[in-house]
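For reference, the chains in residue letters:
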Amino acid sequence: MHAMQYEISLPADYDMGIIRRRVADKGHLLDDFPGLGLKAFLVRERGRAGSPVNEYAPFYLWRTPEGMNSFLWGPGFRGLSADFGRPAVRHWLGTGLRRGPARDTPVTAVRHLERIPESTDPAEAVEAALAALPDHPDLHTAAVAVDPGRWELLRIALWSGPGPRAESDIEPTGTRYEVLHLADPELDRLPAGRHW
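Here we summarise the structure given alongside this text. Small disclaimer: the values here were computed from a predicted structure and weren't measured. (Residues numbered from 1 in each chain as written. Predicted model: local features only at pLDDT ≥ 70, side-chain atom pairs only at ≥ 80, totals over all residues. Heavy atoms only, no water.)

1. Things to note about the overall build of the protein
- Along the protein, the regular secondary structure elements total 4 helices and 11 strands.
- Over its C-alpha atoms the protein spans a radius of gyration of 16 Å, differing by no more than 12% from the 16 Å that the globule rule assigns to 196 residues.
- Judged by the C-alpha coordinates and their principal axes, the protein covers about 40 × 40 × 35 Å.
- In the protein, which comprises 196 residues, the share counted as buried stands at 51%. (Helix = DSSP H or I, 4+ residues; strand = E, 2+ residues; numbered from the N terminus. Rg over C-alpha atoms; globule rule 2.2 N^0.38 Å. Buried < 20%, exposed > 50% of the residue type's maximum accessible area, 1.4 Å probe, protein only.)

Put into C-alpha cells, the structure is as follows:
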C-alpha cells in the first residue's frame, strides 16, 4: 500500500463551489480506477470547521504502484496540473490499515503528521501508531504510513460523521477535512492490519 496526497492552496476569497462542482463532475471517474484502494476528495474551507485556509487536498491509498503511476502520468493529473499548476505530491509507504464498522460514505477526514525523532526506533513508532488506530462505530477507514526520507509518520482516519473532536482520547488534534467524494474501487483488496 502506498499513501499519497497533494495540497492545492487557494486564495482566501476563492469560490470553493468551483472545487465542489469539479468533484461532483469528475469524482466518479476514479470509482473504478485500477490499482486504487481509495481516493478521498478532501477540502478545507476558510471559516468552516475551524479552517484558516481554502485548500483542495485529495488523499489516496494505492493498492499497486502501477495504479499510482498510471494516475500520475495520465490525463487526470495532467488536467489538474493544467488547471491549478503542478502540485508537489507527498508519498508515504503504507504500514497498516484498519477498516472500521461504518460503511456510509465518510464526510470527515483527520490527518496527523509527525516527525519520528532520531532518538526513537522507527519500528516502535510505527507499532505504537498502529496500536493507536481508532476503534469507533463511526470509523470508515484508518491508515498509518511513513515517509522514510523525512522519517515522518502519517495517520489518517475517515469518519462517517464529524469524527471525534480534539478533546477526545480516540483521535487527538490533527488537520480536519471535509470529504466531498470517496472513490474506493479496490479498498477491499487492501490488507487490513500490519503491512510487514
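Still more ground to cover, so stick around.
2. With respect to the environment of His 195
- For His 195, the location among the structural elements is in the segment after β11 (193–194).
- Classification of His 195 by relative accessible area gives partly exposed; the value is 22%.
- A sequence separation of 107 residues divides His 195 from Ala 88, and the C-alpha atoms of the two residues are 26 Å apart.
- Ignoring any residue separated from it by four or fewer positions in sequence, one finds His 195 in contact with Met 1, Gly 94, Thr 95, Gly 96 and Leu 97.
- In terms of polar contacts, His 195 uses its side chain to reach the backbone carbonyl oxygen of Pro 191, at 2.6 Å. (Contact = heavy atoms within 4.5 Å. Polar contact = N/O pair within 3.5 Å; in protein donor to acceptor, adjacent residues only side chain to side chain.)

3. Observations regarding the pattern of salt bridges
- Here the structure, examined in full by the defined rule, presents 12 salt bridges.
- We note a salt bridge from Arg 155 to Glu 114, for which the minimum N-O separation is 3.8 Å. One end of the pair, Arg 155, is in strand β9 (residues 152–159); the other, Glu 114, is in strand β7 (residues 108–115), with 41 residues separating them in the sequence.
- One network of salt bridges, with partners in common, ties together Arg 20, Glu 45, Arg 48 and Glu 178. (Salt bridge = Lys/Arg side-chain N within 4 Å of Asp/Glu carboxyl O.)

4. Some thoughts on the environment of Asp 121
- Assignment of secondary structure puts Asp 121 in the loop between β7 and α4 (122–131).
- Accessibility expressed as a relative area gives 36% for Asp 121, which makes it partly exposed.
- From its side chain, Asp 121 meets the backbone nitrogen of Ala 123 in a polar contact 2.8 Å long.

5. Here's the deal with the environment of Glu 114
- On the basis of relative accessibility, which here comes to 38%, the residue Glu 114 falls in the partly exposed class.
- Along the chain, Glu 114 and Met 1 lie 113 residues apart, while their C-alpha atoms are 20 Å from each other.
- The residues contacting Glu 114, other than those within four sequence positions of it, are Trp 151, Glu 152, Leu 153 and Arg 155.

6. Some thoughts on a negative patch on the surface
- A cluster of like negative charges, contributed by Asp 31, Asp 32, Asp 184 and Asp 188, occupies part of the molecular surface.
- With respect to the helices and strands, Asp 31 occurs in the loop between α1 (17–26) and β3 (36–44).
- In this structure Asp 31 comes out as partly exposed when scored by relative accessible area, which is 34%. (Patch = residues over 30% accessible without salt bridge, like charges linked within 9 Å, V, L, I, M, F, W, Y side chains within 5 Å. Areas by Shrake-Rupley, 256 points an atom, 1.4 Å probe, with all protein chains shown as cover. Lys, Arg positive; Asp, Glu negative; His and termini not counted. Charge placed at Lys NZ, Arg CZ, Asp CG, Glu CD.)

All we've got here are geometric facts, nothing functional implied.
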